[in-house]
Amino acid sequence: MHVPDDKDALGKDALGKDALGRDVLGKDALGNPVPGRASLAKDAPDASAPVILIVDDDRNGRESLRRGLARDGYEVLTAENGKIALAIAQDNPIDLVLTDLIMPGLGGLDFLEGLAVVQPNTPAILISAFASVDTAVKAVRRGVQDVLEKPIRLRDVRRAVKRAISARPVSASRRRPPPAAPVLPLRGSHGRTLVGRSPAFLKMLDVVDRVAPVNTTVLVLGESGTGKELVAEAIHQRSARAHGPLVKVACAALAEGVLEAELFGNERGAYTGAHERRKGRFELAHGGTLFLDEIGELSPALQVKLLRVLQEGEFERVGGAETLRSDVRVIAATHRTLDKEVEAGRFREDLYWRLNVIAVRVPPLRERREDIVPLAEHFLAKARASTGRDSPRSIDEGVLDVFCAAAWPGNVRELENAVERAVVLTRGDCIRVEDLPQNVTAAVSDDAAENEPARGDPIRFEVGQSLAALEREAICRTLEAVGDNREAAASILGIGVATLYRRLKEMAAEDDAGTDAADA
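The present account deals with the structure reproduced in this document. (Residues numbered from 1 in each chain as written. Predicted model: local features only at pLDDT ≥ 70, side-chain atom pairs only at ≥ 80, totals over all residues. Heavy atoms only, no water.)

**Considerations on helix α11 (residues 300–312)**
So, step 1. Across its 13 residues, α11 extends 18 Å between first and last C-alpha, which sits within 8% of the 18 Å expected from 1.5 Å per residue.
So, step 2. Buried residues along α11 sit against α9 (256–264), α10 (281–284), β13 (289–293), β14 (314–316), β16 (329–334) and α13 (349–355).
So, step 3. Immediately beyond the C-terminal end of α11, within one or two residues, lies Gly 313, with a positive phi of roughly 70 degrees. (Helix = DSSP H or I, 4+ residues; strand = E, 2+ residues; numbered from the N terminus. Expected span 1.5 Å × (residues − 1). Contact = heavy atoms within 4.5 Å.)

Right, dumping it as structure tokens:
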């Protein structure tokens with residue numbers, strides 16, 4: 001692992017490492033290790049400094065990361081493989097792990113599985129040149145917060161580490177925060193990524209992971225703006241056809257006659273303006289995947305022809321008599337409820353069942369609100385890169401509260417547009433509420449007014465009862481009163497939605513800790 005933009009911080013007189021991988025200059029008269037220059041830079045980390053464990057078989061990359069993070073004030077331990085790393089974790093509290101994926105002996109994912117036994121709930125950052133959807137799903141289950149794709153830059157690692165460390169709740173028991181959003185790179189998809197950590201999102205990824213290797217038709221279902229096309233890309237890239245082309249057709253954007261020629265091609269003179277033979281998308285996708293977006297918009301005549309291709313693997317070009325064979329995997333997507341379209345007679349039942357061999361449902365943003373903050377941060381970085389702007393660099397907490405409370409009828413696409421607009425219009429270094437589109441802030445105000453219920457009975461407390469217990473009761477009773485509507489509950493409690501989400505996660509962690517203590 002090579003980290004390019006790092007500067008050497010080690011002195012020439014460093015002689016080796018101690019048992020924890022720290023620099024030593026040698027030994028004193030009693031035989032104790034003497035800290036090296038890197039350990040003394042900016043003074044040695046105090047007892048409260050976060051401890052980071054770097055696991056990588058590449059010595060140069062490991063050392064570059066160690067030096068860079070040590071300069072930031074972290075206490076950094078290193079190991080060249082997973083077996084050594086587990087031994088270190090048995091004797092030292094670890095706040096964060098950075099691990100390579102492919103290592104001799106015990107690989108990154110196997111190491112994290114062992115770490116979960118030695119130090120449960122320790123957050124981790126995975127560094128890999130092979131960060132597929134399959135890898136990322138497995139990594140999330142093992143506590144991974146971020147997946148960084150090689151080649152990496154030190155500043156990207158620093159940002160990921162800062163996010164992970166700052167997400168930790170301050171507690172003497174050093175409780176671990178829930179995993180942050182994994183970013184799942186999809187090579188060949190123009191830098192677009194799947195981002196999420198919510199149960200609904202991870203459930204969808206698990207279905208993608210299982211269906212991708214199977215050479216069968218897939219129907220991707222979901223509202224407009226949820227990311228159905230990106231899910232189709234993920235399926236293609238995880239399939240045995242990943243080496244072949246991924247050809248996309250927007251069925252709703254083309255008239256029936258034009259769409260037929262686009263799908264099946266045409267012979268010269270087949271219609272006015274057809275001056276030469278042209279291959280259709282089924283031919284262009286040979287050996288790969290054909291993505292048919294908004295399949296519910298197909299006319300009855302085209303539905304018949306598509307059914308034949310799916311059943312027999314055969315078709316003719318428009319105006320041609322030669323029967324061609326098709327070696328194509330079809331992934332179809334729609335925002336319509338196709339079974340209702342079948343009942344209404346607008347969609348063929350036999351085609352529906354042929355398409356719906358395996359369905360992947362992409363959840364709307366309202367069902368995965370835990371993903372809103374990481375998505376917003378991802379879109380901020382993406383918008384800065386696309387616009388060439390160096391600022392804004394952050395999103396105000398109040399903006400994140402608005403984002404978490406908004407309805408987002410346009411789903412992920414609407415959120416991305418809101419962030420991109422804010423990046424263009426923001427003058428400062430931080431996106432603030434006044435930089436947001438009016439439709440977003442107005443919708444939040446309207447929803448809060450509609451959902452706010454009448455105040456119930458006052459909360460009573462006993463002398464000596466802790467503030468934490470009162471806070472817990474206030475949150476639980478308010479959520480019960482509003483039918484678990486977290487946006488409305490946050491408005492009543494006078495806190496941000498993001499703050500409420502964080503507090504609920506902390507309460508869940510406290511409950512889990514209490515259960516573990518009772519079982520011990």
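**A short note on the pattern of salt bridges**
So, step 1. Summed over the entire model, instances satisfying the criterion amount to 32 salt bridges.
So, step 2. Put simply, Glu 262 and Arg 281 hold a salt bridge, and the shortest N to O gap is 2.8 Å. Of this pair, Glu 262 sits in helix α9 while Arg 281 sits in helix α10, placing them 19 residues apart in sequence.
So, step 3. Exposure remark for Glu 262: the relative accessible area of 15% places this residue in the buried category.
So, step 4. We classify Arg 281 as partly exposed; its relative accessible area is 23%.
So, step 5. Residue Lys 382 pairs with Glu 416 through a salt bridge whose shortest N-O separation is 2.9 Å. A residue pair is termed long-range when its members are at least 10 positions apart, and Lys 382 in helix α14 (residues 372–387) and Glu 416 in helix α16 (residues 411–425) qualify at 34 residues.
So, step 6. One salt-bridge network, held together by shared partners, links Glu 267, Arg 277, Glu 283 and Arg 317. (Salt bridge = Lys/Arg side-chain N within 4 Å of Asp/Glu carboxyl O. Buried < 20%, exposed > 50% of the residue type's maximum accessible area, 1.4 Å probe, protein only.)

**Details of the packing of α14 against helix α15 (residues 397–405)**
So, step 1. Viewed as axis vectors pointing N to C, α14 and α15 meet at an angle of 120 degrees, and their least axial separation amounts to 9 Å. Of the possible angle classes, the one that applies to α14 and α15 is oblique. Between α14 and α15 lies a crossing whose hand is right-handed. Facing α14, whose interface residues are Ile 372, Val 373 and Ala 376, α15 presents Leu 400, Phe 403 and Cys 404.
So, step 2. Of the residues belonging to the contact of α14 with α15, the class tally is 6 nonpolar, no polar and no charged. (Axes fitted to C-alpha atoms, helices over the stretch in contact; angles between N-to-C directions. Parallel < 35°, antiparallel > 145°, perpendicular 65-115°, else oblique. Left-handed = near helix turned anticlockwise from the far one by under 90°. Nonpolar A, V, L, I, M, F, W, Y, C, P; charged D, E, K, R; others polar.)

**Notes on the sheet that holds strand β17 (residues 358–361)**
So, step 1. The strand order β12-β13-β16-β11-β17 describes an open sheet built from 5 strands, whose pairing is parallel. The open sheet is flanked by β12 (246–250) and β17, the only strands paired with a single partner. Ignoring which end each strand starts from, the neighbouring axes of this sheet average 20 degrees apart.
So, step 2. Sheet topology note: the strand β11 (residues 218–221)/β16 ladder contains 4 bridges and is parallel. For Val 220, the partnering residue across the bridge sits in β16 and is Ala 333.
So, step 3. Here helix α7 (residues 199–211) sits on the sheet and contacts β11, β16 and β17; the angle it forms with β17, its principal contact strand, is near 150 degrees. (Pairing = 2+ DSSP bridges.)

**A look at the sheet that holds strand β7 (residues 124–128)**
So, step 1. The strand order across the open sheet built from 5 strands is β5-β4-β6-β7-β8, with neighbouring strands paired in parallel fashion. One side of each edge strand has no neighbouring strand; the edge strands of this open sheet are β5 (75–79) and β8 (144–149). Here the average twist between neighbouring strands, direction ignored, is 15 degrees.
So, step 2. The pairing of β7 with β8 spans 5 bridges and is parallel. Among the inter-strand pairings, Ser 128 is bridged to a residue of β8, identified as Glu 149.
So, step 3. Most of the contacts of helix α2 (residues 59–71) go to β5, to which it runs at about 170 degrees, and overall it touches β4 (51–55), β5, β6 (96–100) and β7.

**A look at helix α18 (residues 467–481)**
So, step 1. Taking 1.5 Å per residue, 15 residues should reach 21 Å; α18 reaches 21 Å between its end C-alpha atoms and fits that length.
So, step 2. Every buried residue of α18 is listed here: Leu 470, Ala 474, Ile 475, Thr 478 and Leu 479. For α18, the angular spread of the buried residues around the axis is 160 degrees, confining them to a single face. (Arc of directions from axis to C-beta.)

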